[in-house]
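# A look at the structure
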Amino acid sequence: YGHRRMGKTSILRNINSYLGSEVRLAYVNLLILGGAERGVSDLFLAIADEIKASLPALPKAETDKFDSHPELAFKQYLDLAQAALGSSRLIIALDEFEKLEEWMNAGQIPGDLLDIFRGYIQKDQNIAFAFAGLHKLEEMTADYFNPLFASVRPIRVSFLSKNATHQVLANPSLDDFPLDFSRDALERIWQLTGGQPYLVQLFGHYLVSRFNRLTFEQGKPMEPVFSLDDVETVVEDSEFYSQGRYYFAGVWGQAGQGTECQQKILKFVAAFPDGISLEGISSRFGPDSKKIIAALKELERHDVLREKDGQWQFTVELMRRWVNDFIKNPDS
């Protein structure tokens, strides 16, 4: 679990690269199911199709059986998978798992679905489920997820360390990467991103693209070392923020859900690069301190704000700039 663009999907999709051929992966992004119009049969069929892709010897799942008796058909298909695995293991990875709660609340899938999953987890040690999303199970609003609490180990996906950020940029896992970074450039990228993986990658992409454009298209002689000036040129380009909207708008949209006031607090705190105290925030939003504290704690839990030396500030400086420039001043 972790906030948007932290790399959860990349971790799931690359499991096989690290666990070897004896582990098979059936990866399902629940967003592709849309509204799950046919209910749990859509979900079970999607999982069965991905199991089939990882275990080609299995027969194709029969749609009619899944439509008429989805739970039974899925159980039987898992039994076939268990037999086909032999000594191998299978991970069924469900990405964007908050969709399950949405469908349960809408009555599209049964509320005891996770009891069913827990039964499969306990039945066969060679078949495991991995759920990925924004929240820990304990944060989910309903009791649907209680059956899994005792069976699940939460793994937080969060920011890169400073050393890891420098490593990803200056020493990527490529056989021949002729470009380098000055120490000042690396430090500035760290200050601006806080190690947010997507934004670190975005910096690398823009810096290399700019180098290639100036060198090969415009014929300008360029030193193969990115400087602090190169970083500042990239971050001052509005196109950088436009490309980064997948992260910025996602974080902003999530702040519009859950505890109220989150977006209003973000707009206010964005005006203070060095942060502002709880007292300062409370003086702006009135006497309901419980509501303010609840909103701050949710923003902290989701890696948007943090408290440092008694000051509440943005965890990612680029997010603060985006809120200040594009949300508070949409015409800028």
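Notes on the structure follow. Not measured: the values here are computed from a predicted model.

## What about the overall build of the protein?
From N to C terminus, the protein includes 17 helices and 7 strands. Based on the C-alpha atoms only, the size of the protein along its principal axes is roughly 60 × 60 × 35 Å. Per-residue burial over the protein gives 45% buried out of 332 residues. Considering only contacts within the protein whose residues lie at least 6 apart along the sequence, 71% involve residues at least 24 apart. Looking at the protein as shown, the accessible area adds up to about 17,100 Å², and 48% of this sits on carbon and sulfur atoms. In the protein, the 36 positive side-chain charges and the 46 negative ones have mean positions that sit 2 Å from each other.

## A few points about unusual backbone geometry
Although it is not a glycine, Arg5 adopts a positive phi angle of roughly 60°. Even without being a glycine, Asp303 presents a positive backbone phi close to 65°. Here Asp303 lies in the loop between α16 (289-301) and β6 (305-308). A relative accessible area of 8% places Asp303 in the buried class.

## Concerning the pairing of strand β7 (residues 311-314)
The pairing of β6 with β7 spans 4 bridges and is classified as antiparallel. Paired with Leu305 across the strands is Phe314, a residue of β7.

About the cut-offs
- Residues numbered from 1 in each chain as written.
- Predicted model: local features only at pLDDT ≥ 70, side-chain atom pairs only at ≥ 80, totals over all residues.
- Heavy atoms only, no water.
- Helix = DSSP H or I, 4+ residues; strand = E, 2+ residues; numbered from the N terminus.
- Buried < 20%, exposed > 50% of the residue type's maximum accessible area, 1.4 Å probe, protein only.
- Contact = heavy atoms within 4.5 Å.
- Areas by Shrake-Rupley, 256 points an atom, 1.4 Å probe, with all protein chains shown as cover.
- Lys, Arg positive; Asp, Glu negative; His and termini not counted.
- Charge placed at Lys NZ, Arg CZ, Asp CG, Glu CD.
- Pairing = 2+ DSSP bridges.

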